[in-house]
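So you can see what is in the structure, the chains are spelled out below.
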Amino acid sequence: VNHVMFQELGFRKADQEDFYRPESSNLASILASRKGNPIGLSLVFMGVSARLGLDASGANTPHTFMVQVSLQECAPATPSSESSSDDAGGSKDLSEHKANRVFVDVFHQGEILSEEQMHRRLEQLNSAQGFHPLQQSIDKLLQPMHPRAVWTRMLTNLLQASRTRQDMDRANYWLGVIQDMPRQTDP
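Residues numbered from 1 in each chain as written. Predicted model: local features only at pLDDT ≥ 70, side-chain atom pairs only at ≥ 80, totals over all residues. Heavy atoms only, no water.

**Q** I would appreciate a short explanation of helix α3 (residues 38–51) in the present structure.
**A** For the α-helix, the turn length of 3.6 residues means that residues three or four positions removed from each other point alike. Here α3 spans 20 Å end to end across 14 residues, near enough to the 20 Å set by a 1.5 Å rise per residue. Within the span of α3, buried status applies to Pro-38, Ile-39, Gly-40, Leu-41, Ser-42, Val-44, Phe-45, Met-46 and Ser-49. Looking one or two residues beyond α3, the residue adopting positive phi is Gly-53, at roughly 85°. (Helix = DSSP H or I, 4+ residues; strand = E, 2+ residues; numbered from the N terminus. Expected span 1.5 Å × (residues − 1). Buried < 20%, exposed > 50% of the residue type's maximum accessible area, 1.4 Å probe, protein only.)

See the structure below:
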């Protein structure tokens with residue numbers, strides 16, 4: 001998925017000036033321009049993964065939206081002699097991971113992070129902002145998101161983008177859509 005989406009097809013993150021534009025969250029626009037914000041690119045990644053039979057879902061991480069991919073049904077991992085991963089970052093190769101799931105940062109060309117690397121990244125982000133969350137808080141952030149929660153986060157981003165651009169008519173529209181959504185119930 002990474003190779004095709006980012007190398008062959010050239011999907012990439014939205015430019016800073018385009019980041020909060022509604023087009024960066026609109027799937028038709030993302031497919032046409034091949035650029036989007038993290039949640040928009042993640043939806044494309046999750047859709048392609050689903051078509052390939054992979055179990056991919058959203059990860060409700062702060063600061064950027066991530067995809068988590070279950071490796072339980074993937075081929076067994078084999079050690080890689082040319083590993084490009086390290087403790088701080090990730091890699092682009094699933095064969096380097098032996099865990100049950102990995103996290104894909106589509107905003108950084110499909111960087112793949114193990115659960116341990118994700119924990120460290122979240123701890124660093126929170127520590128830099130003066131937050132020191134409990135371990136169970138991080139674990140909760142890394143749970144697969146219900147599709148309705150993904151949709152709500154995307155709509156909330158559109159609401160915030162409209163407010164930032166001082167487009168109150170559009171902001172009120174997105175607020176109405178969010179308020180009209182049926183509430184999520186646990187399965």
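**Q** Where do I start with the pattern of salt bridges in this structure?
**A** If the charged atoms of two oppositely charged side chains come close together, the side chains can form a pair. Per the counting criterion, the structure on display carries five salt bridges. Linking Arg-101 and Glu-115 is a salt bridge whose minimum nitrogen-to-oxygen distance equals 3.1 Å. Separated by 14 residues along the polypeptide, Arg-101 in strand β5 (residues 101–105) and Glu-115 in helix α4 (residues 115–128) bring together distant segments of the chain. (Salt bridge = Lys/Arg side-chain N within 4 Å of Asp/Glu carboxyl O.)

**Q** It is not clear to me how the packing of α3 against helix α6 (residues 147–164) should be interpreted in this structure. Could you clarify?
**A** The geometry of a pair of packed helices is captured by two quantities: the angle between their axes and the separation between those axes. α6 packs onto α3 with a crossing angle of 150° between their chain directions and a minimal axis gap of 10 Å. Seen along the crossing, α3 lies across α6 with a hand that is left-handed. Here Ile-39, Gly-40 and Leu-43 of α3 come into contact with α6, specifically with Val-150, Arg-153, Met-154 and Asn-157. For the contact of α3 with α6, a count of residues per class yields four nonpolar, two polar and one charged. (Axes fitted to C-alpha atoms, helices over the stretch in contact; angles between N-to-C directions. Left-handed = near helix turned anticlockwise from the far one by under 90°. Contact = heavy atoms within 4.5 Å. Nonpolar A, V, L, I, M, F, W, Y, C, P; charged D, E, K, R; others polar.)

Spatial relationships are all this shows, so hold off on functional conclusions.
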